[in-house]
Amino acid sequence: MVQRREPTARQVRLGVELRRLREAAGLTAVQSAALLGANRVQISHIELGLIGVSEERLRRLASHYACTDAEFVDALVAMATDRTRGWWEEYRGLLPTPFLDLAELEHHAEFLREVAILYVPGMLQTESYARAVFSARVPELTHEELELRVRHRMGRQRIVIPYELVIHEAALRIRVGDRAASRAQLAKLLEHSEADHIAVRVIPFDLDGFARAASTMTYAGGAVPKLGTVVRDVPTGSAFIDSEAQLNAFRTRFRKVEAVSLDPRRSRDFINRLAKEL
């Protein structure tokens, strides 16, 4: 099998889950290789996402690892056999890999939940807002690089899966661009908040004793809960976190943040008032 030069985050995640199953079963890579008539290096490459694994081999490994979660195994098989070449592939070699991995993650997610503190998230940005965000980057992007990033960000917005956003008032008030750009951005938020699959909730400044929205983060729901992914912003792009403890922590945190935020109707009224102030 041809070795991948640069596996995607989804391919790496499949390998990580297979390694976790093997380690939970108390088996070595050599023992797993013997089951498949392979060698230790091949098992290592599968677990690093450098080569693929067939459905038959994956199910044999899962059985050998005593994994009885049929739904989870089916989800892994779907990951292993997926041959999707998404729209983001046109940017390969043009944009940093994390941009492509994020688009792939969103494409395969069952739902998205997001907490935004200082910026309107990319999924709901206007073109002018996105351009202002990327224009502020240091070192400065070339015109071509900037336009590629803006176009890619707009491409991510074609997703129609359930999307829940909790956004702080700070992100609504900070003028990333000029007054007109801010007004247009608030108008777009209001428009999207009316969609059946999108829920926008606002955290106002005057909420007493609130300390849970310290940072921006996104949760992408997997086919099964244990295949969810938390996305955090880092200087080099996006970091994908998939440990069970981190996933549980985010789910708990999101529920608490959501519980104290304004409901969708009051949030729309709040955003509408801010827009009129501009």
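One numbering rule holds for all chains: residues counted from 1, following each sequence as written. Where totals are concerned, whole chains, interfaces and linings use all residues; where local detail is concerned, this predicted model gives features only for residues with pLDDT of at least 70, and gives and counts side-chain atom pairs only at 80 or more. Where side-chain values are given, they derive from all heavy atoms of the structure, hydrogens and water being excluded.

Draft legend 1. Expanded view of the overall build of the protein chain. Across its full length, the protein chain carries 12 helices and six strands. Expressed along its principal axes, the backbone C-alpha trace of the protein chain runs to roughly 70 × 40 × 30 Å. Remark: exposure states derive from per-residue accessible area (1.4 Å probe, protein chains only) relative to the maximum for the residue type, with buried under 20%, exposed over 50%, and partly exposed in between. Out of the 278 residues in the protein chain, the part that is buried amounts to 47%. Any pair of residues with heavy atoms lying within 4.5 Å of one another is described as a contacting pair. Once local pairs closer than 6 in sequence are excluded, the contacts in the protein chain between residues at least 24 apart make up 75%. The accessible surface values rely on the Shrake-Rupley method and a 1.4 Å probe; as for residues, cover is taken only from the protein chains in view. Entry remark: accessible area of the protein chain is about 14,300 Å², with carbon and sulfur atoms responsible for 51%. Across the protein chain, 40 positive and 37 negative side-chain charges occur, with their mean positions spaced 2 Å apart. Per the convention used, a helix needs a DSSP run of H or I reaching at least four residues, while a strand needs a run of E reaching at least two, with both numbered from the N terminus. Here Asp and Glu are counted as negative and Lys and Arg as positive; His is not counted, and neither are the chain ends. Charge positions come from single atoms, namely NZ of Lys, CZ of Arg, CG of Asp or CD of Glu.

Draft legend 2. Structural view of the nonpolar core. Counting 30 residues, the largest nonpolar core has Leu124, Leu165, Ile167, Leu172, Leu186, Leu189 and Ile271 as its most contacted members. Counting residues per element, the ones that place at least two in this core are helix H6 (97-108), strand E1 (111-116), strand E2 (163-168), helix H9 (169-173), helix H10 (179-193), strand E3 (198-203) and helix H12 (264-277). For this core, the leading source of residues is H12, giving four residues. Apart from residues lying up to four places away in sequence, Ile167 is in contact with Ala116, Tyr119, Val120, Pro121, Leu172, Val200, Arg201, Val202 and Ile203. Grouped together as the second largest cluster of nonpolar side chains are 25 residues, Ala29, Val53, Leu61 and Cys67 included. Here, the term nonpolar core denotes a set of buried Ala, Val, Leu, Ile, Met, Phe, Trp, Tyr and Cys residues that are joined through side-chain atoms within 4.5 Å.

Draft legend 3. View of the packing of aromatic side chains. Geometry of aromatic contacts follows a simple scheme: Phe, Tyr and Trp rings, the Trp one being its six-membered ring, pair when their centres are within 6.5 Å, and the pair is stacked under 30 degrees between planes, edge-to-face over 60, tilted otherwise. In this structure the tally under the stated criterion is six aromatic pairs. A centroid spacing of 6.1 Å and a plane angle of 90° characterise the contact between Trp87 and Tyr91, whose relative ring orientation is edge-to-face. We note that Trp87, like Tyr91, is buried. Put simply, the rings of Phe111, Tyr219, Phe250 and Phe254 pair up and form one aromatic cluster. We note Arg158 situated over the ring of Trp87; from NZ or CZ to the ring centre the distance is 4.6 Å. Here, a charge over a ring is recorded when the distance from Lys NZ or Arg CZ to the ring centre is within 6 Å and its angle to the ring normal is within 35 degrees. Between Lys226 and the ring centre of Phe72, over which it is positioned, the NZ or CZ distance is 4.5 Å.

Draft legend 4. Representation of the side chain of Arg13 within the structure. With respect to the secondary-structure elements, Arg13 resides in helix H1 (residues 9-24). On the accessibility criterion, Arg13 (7% relative accessible area) is buried. Within polar-contact distance, the side chain of Arg13 engages the side chain of Thr229 at 2.9 Å. Apart from residues lying up to four places away in sequence, Arg13 is in contact with Arg20, Met79, Lys226, Leu227, Gly228, Thr229 and Asp242. Counting of polar contacts relies on pairs of N or O atoms within 3.5 Å, with two restrictions inside protein: one atom must be capable of donating a hydrogen and the other of accepting it, and residues adjacent in sequence are counted only when both atoms are side-chain atoms.

Draft legend 5. Representation of the pattern of salt bridges within the structure. Throughout this description, the term salt bridge denotes a Lys or Arg side-chain nitrogen within 4 Å of a carboxyl oxygen of Asp or Glu. With the rule as written, the count across this model stands at 21 salt bridges. In this structure, Arg59 engages Glu55 in a salt bridge whose closest nitrogen and oxygen atoms are separated by 3.0 Å. One end of the pair, Arg59, and the other, Glu55, are both in helix H4 (residues 55-64), four residues apart, so they sit about a helical turn from each other. For Glu55, a relative accessible area of 36% gives the class partly exposed. In this structure, Glu164 engages Arg113 in a salt bridge whose closest nitrogen and oxygen atoms are separated by 3.2 Å. Residue Glu164 is located in strand E2, and its partner Arg113 is located in strand E1; the two are separated by 51 residues in the primary sequence. Glu164 gets classed as partly exposed once you look at its relative accessible area, which sits at 22%. Look at Arg113 and you get partly exposed, because its relative accessible area is 25%. Several salt bridges share partner residues, and in doing so they unite Arg13, Glu17, Arg20 and Asp242 into one network.

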